[in-house]
Every structure is written in C-alpha cells, then in structure tokens.
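Overview (structure and organization)
Residue-level listing of the chains:
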Amino acid sequence: METRYKTTGVAGAGAMGRGIAQIAAQAGSTVRLYDTQPEAVQRAIQELGAQWDRLREKGRMDEAAVAAAKERLRPATSLQDLADCDLVVEAIVERLDVKRSLFSQLEDIVGPDTVLATNTSSLSVTAIAAGLKRPQRFAGYHFFNPVPLMKVVEVIAGLKTDPSVCEGLTAFAKQMGHTPVQAQDTPGFIVNHAGRGYNTEALRIVSEGVADFATIDRILRDQVGFRLGPFELMDLTGLDVSHPVMESIYQQYYDEPRYRPSVITAQRLAGNVLGRKTGEGFYRYADGKAQVAP
Ligand code: NAI
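Residues numbered from 1 in each chain as written. Predicted model: local features only at pLDDT ≥ 70, side-chain atom pairs only at ≥ 80, totals over all residues. Heavy atoms only, no water.

Taken across its five residues, strand E2 (residues 30–34) has five buried, putting it largely inside the fold. Of the strand pairs in this sheet, strand E1 (residues 7–11) and E2 are connected by five bridges, and their pairing is parallel. Within the sheet, the bridge partner assigned to Thr7 lies in E2 and is Thr30. Read as a crossover between parallel neighbours, the route from E1 over helix H1 (residues 15–26) to E2 is right-handed. In terms of strand pairing, E2 meets strand E3 (residues 73–76) through four bridges, oriented parallel. Counterpart to Tyr34 in the pairing with E3 is Ala76. (Buried < 20%, exposed > 50% of the residue type's maximum accessible area, 1.4 Å probe, protein only. Helix = DSSP H or I, 4+ residues; strand = E, 2+ residues; numbered from the N terminus. Pairing = 2+ DSSP bridges. Right-handed = clockwise from strand over helix to strand, strands pointing away.)

On to the site of the ligand, then. The immediate surroundings of the ligand are formed by 23 residues, with Met16, Asp35, Glu94, Lys99 and Ser121 found nearest. Take Thr237: an N or O atom from its main chain is 3.5 Å from a nitrogen atom of the ligand. Elements represented by at least two residues in the shell around the ligand include exactly H1 and helix H4 (96–107). Each residue belonging to the shell around the ligand can be placed in one class, and the counts come to 10 nonpolar, nine polar and four charged. Looking at which domains feed residues into the shell around the ligand, each of domain 1 (7–183) and domain 2 (192–287) gives three or more. (Near = heavy atom within 4 Å. Polar contact = N/O pair within 3.5 Å; in protein donor to acceptor, adjacent residues only side chain to side chain. Nonpolar A, V, L, I, M, F, W, Y, C, P; charged D, E, K, R; others polar. Domains from an automatic or database assignment.)

So, on to helix H11 (residues 263–270). Measuring from the side-chain oxygen of the N-cap residue of H11 to the backbone nitrogen of Ile264 gives 2.9 Å; that N-cap residue is Ser262. Asn272, located one to two residues past H11, shows a positive phi value of around 60°.

Time to look at the packing of helix H10 (residues 239–252) against H11. Here H10 crosses H11 at 140°, and the two axes come no closer than 10 Å. Regarding the angle of H10 to H11, the classification is oblique. As H10 runs across H11, the sense of the crossing is left-handed. Together, Leu239, Asp240, His243, Pro244 and Met246 of H10 and Thr265, Ala266, Arg268 and Leu269 of H11 make up the contact between the two elements. (Axes fitted to C-alpha atoms, helices over the stretch in contact; angles between N-to-C directions. Parallel < 35°, antiparallel > 145°, perpendicular 65-115°, else oblique. Left-handed = near helix turned anticlockwise from the far one by under 90°. Contact = heavy atoms within 4.5 Å.)

Moving on, we get to helix H9 (residues 230–237). Restricting attention to buried positions, one finds in H9 the residues Pro230, Phe231, Glu232, Met234 and Asp235. Elements that come into contact with the buried residues of H9 comprise helix H7 (191–207), helix H8 (213–223), H10, H11 and strand E9 (283–286).

Attention shifts here to the sheet that holds strand E5 (residues 115–118). Spatially, eight strands are ordered E3-E2-E1-E4-E5-E6-E7-E8 in an open sheet, and the strand pairing comes out mixed. Every other strand in the sheet has two partners, leaving E3 and strand E8 (179–183) as the edge strands with one partner each. Ignoring which end each strand starts from, the neighbouring axes of this sheet average 25° apart. Two strands pair when backbone bridges link them, and strand E7 (residues 152–157) and E8 are joined in this way by five bridges, in the parallel orientation. Its bridge partner being in E8, Glu154 is matched across the sheet by Val181. Packing of H1 onto the sheet brings it into contact with E1, E2, E3 and strand E4 (87–90), and relative to E2 it is tilted by some 165°. In the packing of helix H3 (residues 63–72) onto the sheet, contacts are made with E2 and E3, and the angle to E3 comes to roughly 15°.

What follows is the structure in structure tokens.
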C-alpha cells in the first residue's frame with residue numbers, strides 16, 4: 001500500500017521527533033529530520049540506526065526493511081530542505097511564540113497543499129495556527145513518549161482546519177501502526193487533561209508530607225498497576241516539558257485550582273534537574289537504571 005505522505009518532514013530531533021521519524025520511515029515515508037542543533041539530528045540518526053539493528057536482531061524487522069528504513073531517513077540541514085514534504089510534523093520546544101515562528105517560516109517554503117502539524121502537548125492548535133496564511137492545512141498530531149510503543153495519537157482540528165487534513169493524518173497514523181483518536185482543541189486535549197491529576201496530585205501528596213515520591217511510585221506501579229509511577233513518568237518526559245505543560249493547562253483553565261502546578265517541579269526546573277535527559281530528576285540515572293538519590 002502506498003504511504004499517505006510520500007515525504008514527511010520532522011522538525012525537532014529530540015525524544016518525540018526521533019520517535020515520529022522512526023515510525024514514519026518504517027511506514028514507507030521518506031523522512032527529512034530537521035533541528036536547529038545539527039548534532040541533535042546526527043545523534044538521532046545514529047540512535048535510530050542502532051534501534052533498527054536491535055529490532056532486526058530480535059527478529060521484529062527483516063534485513064530489507066531495516067535497510068529501507070535507514071535509507072529513507074535523511075538529515076535536513078535547513079528548513080529549506082523540507083520544501084518537498086507533503087507533511088511536516090513539529091516536535092520542538094513547547095513555546096507558542098517559537099512554534100508560531102517556525103510554522104510561518106515553513107508556510108513560505110512548502111507547497112500550498114502540504115499539511116503542517118504540531119505535536120504540542122498543551123498549547124492551543126487554533127492559537128498556533130492564528131496568523132498562518134493557510135490555517136486550514138494545519139492540525140494537531142499529538143503522540144506520546146516513547147512514540148513507537150505508545151500507540152495512541154490524538155488528531156486535533158483547530159477552528160479552521162479542513163476536515164480532509166484530519167482524515168489524512170488519521171489514515172497515516174494507522175499506516176504507522178498507531179491508533180488515532182479525534183480530540184477537541186481544548187487544554188490538554190483528552191489524555192493530558194485526564195492525566196493531569198496523576199502528576200499534580202502526586203506532587204501535592206509529597207508537599208503535604210503524606211508519602212515520599214518513591215513510595216508513591218512503588219504503590220501506583222506495583223500495587224495499582226500503572227506502568228510508571230507519576231515521578232518516573234515526569235523523569236521520562238522531562239520537567240522542561242512537563243512543568244510548562246502543567247502551567248499552560250492551569251492558565252488555560254483560568255487558574256483552576258485542581259491543575260495548579262507545583263513549586264517542587266518549578267524549583268527543579270530552575271535547577272536544571274530535569275529527569276533522564278540530565279541524568280538526574282526525582283531519581284538518579286546510572287547505566288540507564290533509576291536510583292533513589294542518597
Ligand atoms: P526535546 O527537548 O527532547 O527535543 C526538542 C528538540 O527541538 C531539541 O532537539 C531542540 O534543539 C529542537 N528545537 C528547539 N527549537 C527548535 C526550532 N525552532 N526549530 C527546530 N528545532 C528546534 O523535547 P521533546 O520531549 O521531544 O518534546 C518536543 C515537543 O513534543 C514539545 O512540544 C512537547 O510538549 C511535545 N511532547 C512531548 C512529550 C514528552 O513526553 N516528552 C509527549 C508528547 C508531546
């Protein structure tokens with residue numbers, strides 16, 4: 001079956017962009033991976049190559065599929081390199097001004113029919129599209145971390161999105177082996193709206209001195225059955241992503257007390273203690289294993 005988008009641009013080669021690039025290349029799309037930090041693109045391509053080799057060793061992909069996926073993944077050294085893309089998915093820093101600026105530059109580079117999509121966790125799709133010349137070609141495409149394993153993807157229409165854009169993104173999600181769900185353009189969409197309480201209440205339990213974070217994680221993971229405890233999840237996501245998401249959802253719900261962010265995460269963010277990506281978050285990470293700091 002022919003892939004829905006022959007060429008997919010991915011802007012942002014961090015945790016999310018890398019995962020989106022992986023599944024798009026596996027689904028048969030040529031992928032152009034762009035980042036303002038060229039070394040992030042090189043790192044992502046190296047790590048994805050190693051990841052595909054591991055999948056081959058485990059028998060989950062055959063030799064030809066691995067070679068084809070590697071061949072489809074191409075570095076982009078400037079935004080101009082995304083000119084021939086049918087779809088560009090953005091997974092850059094969670095800031096409205098930066099995302100708007102990227103998309104308005106992209107709009108002048110890609111063709112009029114190209115679909116532009118944002119992987120934002122918490123910003124309004126309509127707000128990102130405001131000011132674009134073609135807001136009808138713009139939508140939200142919200143994946144979860146780690147992208148290849150977390151199969152759900154929220155497809156979000158902004159106020160002016162053409163329905164055909166969401167249909168195309170839905171079809172492509174299925175080709176990538178994912179489960180698309182339609183979500184309204186409301187703060188946190190469905191999953192982060194429902195899941196907000198998991199982080200914020202856990203942080204409140206710690207700040208009230210009811211239990212320490214490792215105990216909360218252990219109980220919710222081992223006894224209640226969540227795959228990760230809330231603090232393990234925040235460490236995986238990174239507080240540079242999680243804390244602004246908490247702030248953004250709180251503000252968009254007009255300072256609704258249920259969503260109030262925590263000073264615990266604000267302080268850690270200020271101290272650059274972000275989680276796995278900095279080697280230390282709530283836990284310390286040595287050889288990929290989480291340890292409770294002494
Ligand atoms: P990350 O920090 O791992 O990667 C972001 C990358 O974007 C970095 O390599 C950075 O150099 C690059 N970048 C920053 N500004 C740029 C620009 N103007 N143009 C091109 N590249 C630029 O972040 P992560 O975790 O991949 O998140 C990216 C986006 O995905 C954010 O909007 C976040 O809210 C969203 N998201 C994150 C999830 C998570 O669990 N980490 C889950 C779902 C969505």
